[in-house]
Amino acid sequence: MAKRIFDVLVSLFLLVLTSPAMGIIALMIYLHDRGPVFYRQVRLGLGGKPFGILKFRSMVLDADKIGSYATADNDPRITRLGRILRRTSLDELPQLINVLRGDMSIVGPRPDVPAQSSLYSADAFAKRHSVRPGITGLAQARLRSAATQEERITLDLSYVDQASVLFDLKIMLWTVRQVLFKGGN
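Residues numbered from 1 in each chain as written. Predicted model: local features only at pLDDT ≥ 70, side-chain atom pairs only at ≥ 80, totals over all residues. Heavy atoms only, no water.

Enquirer: Any details on the packing of aromatic side chains? Residues and values, ideally.
Expert: Counted according to the given criterion, the structure contains 4 aromatic pairs. Pairing Phe38 with Phe56 gives two aromatic rings, centres 5.4 Å apart and planes at 15°, and the pair type is stacked. Here the residue Phe38 occupies a position in strand 1 (residues 38–44), and Phe56 occupies one in strand 2 (residues 50–56), the gap between them amounting to 18 residues. Classification of Phe38 by relative accessible area gives partly exposed; the value is 42%. Looking at Phe56, the relative accessible area reads 2%, which means it is buried. On the basis of an interplanar angle of 85° and a centroid distance of 6.2 Å, the ring pair of Phe167 and Trp174 is categorised as edge-to-face. You'll find Phe167 and Trp174 in the same group, each marked buried. Through a chain of ring-to-ring contacts, the aromatic side chains of Tyr159, Phe167 and Trp174 assemble into a single cluster. Sitting over the face of the ring of Trp174, Arg142 holds its NZ or CZ atom 3.6 Å from the ring centroid. (Phe/Tyr/Trp six-rings, centres within 6.5 Å; stacked < 30°, edge-to-face > 60°. Helix = DSSP H or I, 4+ residues; strand = E, 2+ residues; numbered from the N terminus. Buried < 20%, exposed > 50% of the residue type's maximum accessible area, 1.4 Å probe, protein only. Lys NZ or Arg CZ within 6 Å of the ring centre and 35° of its normal.)

Enquirer: Please give an account of helix 6 (residues 149–162) that cites residues and values.
Expert: End to end, helix 6 covers 20 Å across 14 residues, agreeing with the expected 20 Å (1.5 Å per residue, within 8%). For helix 6, the set of buried residues is Arg152, Ile153, Leu155, Asp156, Leu157, Tyr159 and Val160. Buried residues in helix 6 make contact with helix 1 (2–33), strand 3 (105–107), helix 4 (122–128), helix 5 (138–143) and helix 7 (165–181). (Expected span 1.5 Å × (residues − 1). Contact = heavy atoms within 4.5 Å.)

Enquirer: Give me the lowdown on empty space enclosed by the protein, citing residues and values where you can.
Expert: Under the criterion given, the structure shown has 1 cavity of 30 Å³ or more. In this structure, the largest cavity occupies an estimated 50 Å³ of space. Forming the boundary of the largest cavity are Ile29, His32, Asp33, Arg57, Ser58, Met59, Thr79, Leu81, Gly82 and Leu85. Elements with a contribution of two residues or more to the lining of the largest cavity: helix 1 and helix 2 (80–88). (1 Å grid on protein atoms, 1.4 Å probe; cavity = no way out; pocket = protein on both sides within 12 Å on 5 of 7 lines; lining within 4 Å. Points joined across faces, edges and corners; volume = space filled by probe spheres on them.)

Below you can see the structure in the form of structure tokens.
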């Protein structure tokens, strides 16, 4: 219960704080190609239940139809503005709405796309999805985009074992350091 209260308070605070920047980002995305500002994708949440994750669109229109669910460092589907949004993680800001709705947490394993469920044993899948997915997680805080699939899974399962509000605060600080000094793809 403390984690959910923390999530709601932090997400409300951050939504208010970042709303001017979010408005500017939305306008820039729209002016770039007149396409949709937000990208919605099915991800797996608590208990493996599907939900629609929200992100600022950082890729060309219909990018999911011309490539895999994973992106590479120089993925040609990523727009010029999208590269900046991804490097700074600003594309993730709409997920604060997912947190308010209860689909996500501020901190937890990043939500998987359904195709990734085949990467887990039944027990590992159940453990991994026993907590709400997060905007950031241990894998992002430690290795950012450089994490291999195996490293990400190991860190996600490790997070489940250590989850607490204090650990979440540490992960948030580590994430800020990663974003400021390492960037993403």
